[in-house]
Amino acid sequence: DIVLTQSPALAVSLEQRATISCKTSQNVDNYGISYMHWYQQKPGQQPKLLIYEGSNLASGIPARFSGSGSGTDFTLTIDPVEADDIATYYCQQSKDYPLTFGSGTKLEIK
Amino acid sequence: QVQLKESGPGLVQPSQTLSLTCTVSGFSLTSYNVHWFRQPPGKGLEWMGRMRYNGDTSYNSALKSRLSISRDTSKNQVFLKMNSLQTDDTGTYYCTRDLGNYGSYFDYWGQGVMVTVSS
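Residues numbered from 1 in each chain as written. Chains lettered and ligands numbered in written order. Predicted model: local features only at pLDDT ≥ 70, side-chain atom pairs only at ≥ 80, totals over all residues. Heavy atoms only, no water.

Participant: Is there a simple way to think about the overall build of chain B in this case?
Facilitator: Each helix and strand counted, chain B has zero helices and eleven strands in total. Scanning chain B from its N terminus toward the C terminus, one meets helices and strands in the order β-β-β-β-β-β-β-β-β-β-β. Taking 2.2 N^0.38 as the reference for a compact globule, 119 residues should give roughly 14 Å; the C-alpha atoms of chain B span a radius of gyration of 13 Å, in line with that estimate. Each of the three principal axes of chain B carries a C-alpha extent, and together these read 40 × 25 × 25 Å. By residue count, 47% of the 119 residues in chain B fall in the buried class. Taking the intrachain contacts of chain B between residues at least 6 apart in sequence as the baseline, contacts between residues at least 24 apart amount to 51%. With the model as given, the accessible surface of chain B reaches about 5500 Å², and the carbon-plus-sulfur share is 42%. Considering chain B, the positive charge centre built from 11 side chains and the negative charge centre built from 8 side chains are found 3 Å apart. (Helix = DSSP H or I, 4+ residues; strand = E, 2+ residues; numbered from the N terminus. Rg over C-alpha atoms; globule rule 2.2 N^0.38 Å. Buried < 20%, exposed > 50% of the residue type's maximum accessible area, 1.4 Å probe, protein only. Contact = heavy atoms within 4.5 Å. Areas by Shrake-Rupley, 256 points an atom, 1.4 Å probe, with all protein chains shown as cover. Lys, Arg positive; Asp, Glu negative; His and termini not counted. Charge placed at Lys NZ, Arg CZ, Asp CG, Glu CD.)

The following block contains the structure:
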């Protein structure tokens, strides 16, 4: 199984930039596509798709969110951070089955 | 609009079978894959398995011996059955729609159903 590693928590100030990383145990790129996706989950809610295929913004998601990276190193950036962004962020790979997720990064406000 | 809704018992006794239903609207089960995930309290997400648009299924090998996914396209429903439940099967179970053309990613999720395994 492909293992995704995320830092447990990140503290940032409002209106600053948050950079959340996800490292994979294997390359998740194939034929120019990064099979890496990002989700936001608030307490008591289902996950919400933010970014798909590495850098594509999902429908209805504000442009403050962006994704980058390739191979085994990926980043979700939120700039600027707003109070409503307090949540846990998960990366997910779909290069191979079983689909796997990172353990999540909890975004906190300084 | 696209919706998915999970339903099923909130409490299951150890060693018993869990049966969940995912009722979808706003899209066709013959056009999209539907996946099941679960999330133990305070923990991360685990992929359980999927029902493809053509009726094929695939499962997480960690659960394969206990898990079955089926569907009724006339009722727009996908079913999950998992037997021999233990306490570590406690968690929230989600069904999702797969938007990906190549790799799978999920644009719509059900609200989830909390399942507690306890006697």
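After that view, the rundown keeps rolling.
Participant: Explain the state of the cysteines to me, please; I cannot follow it from the model alone.
Facilitator: Two cysteines, two sulfur atoms, one covalent bond between them: this is a disulfide. Considering all chains together, one arrives at two disulfides over all chains under this definition. Bridging C22 of chain A to C91 of chain A, the disulfide has an S-S length of 2.1 Å. Taking the torsion about the S-S bond as the criterion, the C22 of chain A to C91 of chain A disulfide, at about 75 degrees, is right-handed. Taken as a pair, C22 of chain A in strand β3 (residues 18-24) and C91 of chain A in strand β11 (residues 88-93) lie far apart in primary sequence, 69 residues in all. The class for C91 of chain A is buried, based on a relative accessible area of 0%. Covalent S-S linkage joins C22 of chain B and C95 of chain B, the inter-sulfur distance amounting to 2.1 Å. When the S-S torsion is 75 degrees, as for the bridge of C22 of chain B with C95 of chain B, the disulfide is right-handed. Of this pair, C22 of chain B sits in strand β3 (residues 18-25) while C95 of chain B is found in strand β9 (residues 91-98), placing the two residues 73 residues apart along the sequence. Since its relative accessible area comes to 0%, C22 of chain B is described here as buried. (Disulfide = S-S within 2.5 Å.)

Participant: For this particular structure, what's the right way to read the side chain of N33 of chain B?
Facilitator: Residue and element names in this part refer to chain B. Assignment of secondary structure puts N33 in strand β4 (residues 33-39). From its side chain, N33 meets the backbone nitrogen of Y53 in a polar contact 2.8 Å long. The residues touching N33, leaving out its near neighbours within four places in the chain, are R50, M51, R52, Y53, T96, R97 and D98. (Polar contact = N/O pair within 3.5 Å; in protein donor to acceptor, adjacent residues only side chain to side chain.)

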